[in-house]
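What the coordinates show
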Amino acid sequence: MSSKYSEYNRIVEEIKSCTKCPLHKTRRNPVPGEGSIDAEVMFVGEAPGEREDATGRPFVGAAGKFLDQLLASVGLRREEVYITNILKCRPPGNRDPREDEIVACTPYLWRQIELIKPKVIIALGRHAARVLYAKAGLKWTNMSKKHGSVVEASINGHRVLLAVTYHPAAALYNPKLRSALQEDFKKIFEAVKASDKRRHGRSLLDYFRTS
Ligand code: SF4
């Protein structure tokens, strides 16, 4: 087993037995994340919901189905990317993440980023966006201003393109947000391809088959 794979398994095992914040008392299953550990694109959402808590997998409910459609719209499959959240355990009643929980849990996310080394991180929703912007030392304003944007950022010394858009769950019953999210996906992946070409003279992300 490669050392990358062993380190990944170590992170997963630590999350599974984690008691660093009170959410361990109410979770059914922690949700470390899922996908390729060599992924060039990482999605970071807010926290597991009810279905995720029941299954231990991220984005498996209706929001997950919508995310799959969004991925397909830019030529990607779920197994080609990595999907996780800023919190690995479900807040009761799907309430917003608390600051102490974010502080306790995000070291796992930083380790996942350090190990997987994605070229692009897409924050889904304002909580993930705010936390990732803060870690990168960037000024966060709000989602209505920032959605669809892509900026160069450094997270723990790892250079990435950091993009933000709405959380798919927020768009499920809101047709306006739904189309905004679809537009954002197109815009974000166009910007990523353009940036790749500028920096490398070719598209590194050759699996963006919509080009
Ligand atoms: S949310 Fe994170 S810090 Fe809290 S118990 Fe779960 S894994 Fe540990």
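Residues numbered from 1 in each chain as written. Predicted model: local features only at pLDDT ≥ 70, side-chain atom pairs only at ≥ 80, totals over all residues.

1. Topic: the sheet that holds strand E2 (residues 41–45)
Within the open sheet, the six strands sit side by side as E1-E3-E2-E4-E6-E5. Their pairing is mixed. Only two strands of the sheet have a single neighbouring strand rather than two, namely strand E1 (34–35) and strand E5 (150–155). Bridging between E5 and strand E6 (residues 158–165) involves six bridges; their strand directions are antiparallel. Counted as the bridge partner of valine 151 is leucine 162 from E6. (Pairing = 2+ DSSP bridges. Helix = DSSP H or I, 4+ residues; strand = E, 2+ residues; numbered from the N terminus.)

2. Focus: the packing of helix H1 (residues 3–16) against helix H4 (residues 99–116)
Two elements in contact, H1 and H4, have axes separated by 11 Å at closest approach and are oriented at 170 degrees. Of the possible angle classes, the one that applies to H1 and H4 is roughly antiparallel. Note that H1 runs across H4; the crossing there is left-handed. Contact residues: Lys4, Glu7, Tyr8, Ile11 and Ile15 in H1; Tyr108, Arg111, Gln112 and Leu115 in H4. When its residues are assigned to classes, the contact of H1 with H4 shows five nonpolar, one polar and three charged. (Axes fitted to C-alpha atoms, helices over the stretch in contact; angles between N-to-C directions. Parallel < 35°, antiparallel > 145°, perpendicular 65-115°, else oblique. Left-handed = near helix turned anticlockwise from the far one by under 90°. Contact = placed C-beta atoms within 7 Å. Nonpolar A, V, L, I, M, F, W, Y, C, P; charged D, E, K, R; others polar.)

3. Brief notes about the site of the ligand
Taken together, 14 residues sit near the ligand, with Cys18, Cys21, His24, Cys89 and Cys105 positioned nearest. Among the residues forming the shell around the ligand, the class breakdown is nine nonpolar, two polar and three charged. (Near = placed C-beta within 6 Å.)

4. What to know about the environment of alanine 47
Along the chain, the position of alanine 47 falls in the loop between E2 and helix H2 (50–55). Take alanine 47: there are 26 C-beta atoms within 10 Å of it, and that puts it in the buried class. Sequence spacing of alanine 47 and leucine 162 is 115 residues, and the spatial spacing of their C-alpha atoms is 19 Å. What alanine 47 contacts, discounting residues up to four positions off in sequence, is Asn85, Ile86, Leu87, Arg90, Pro91 and Pro97. (Buried ≥ 20, exposed ≤ 12 C-beta atoms within 10 Å, placed from the backbone.)

5. Overview of unusual backbone geometry
Here the phi dihedral of asparagine 94 falls at roughly 60 degrees; this positive angle occurs in a residue that is not glycine. Looking at where asparagine 94 falls in the secondary structure, it is placed in the loop between strand E3 (82–85) and H4. With a phi angle near 55 degrees, asparagine 156 is a residue other than glycine that sits in the positive phi range. Topologically, asparagine 156 is positioned in the loop between E5 and E6.

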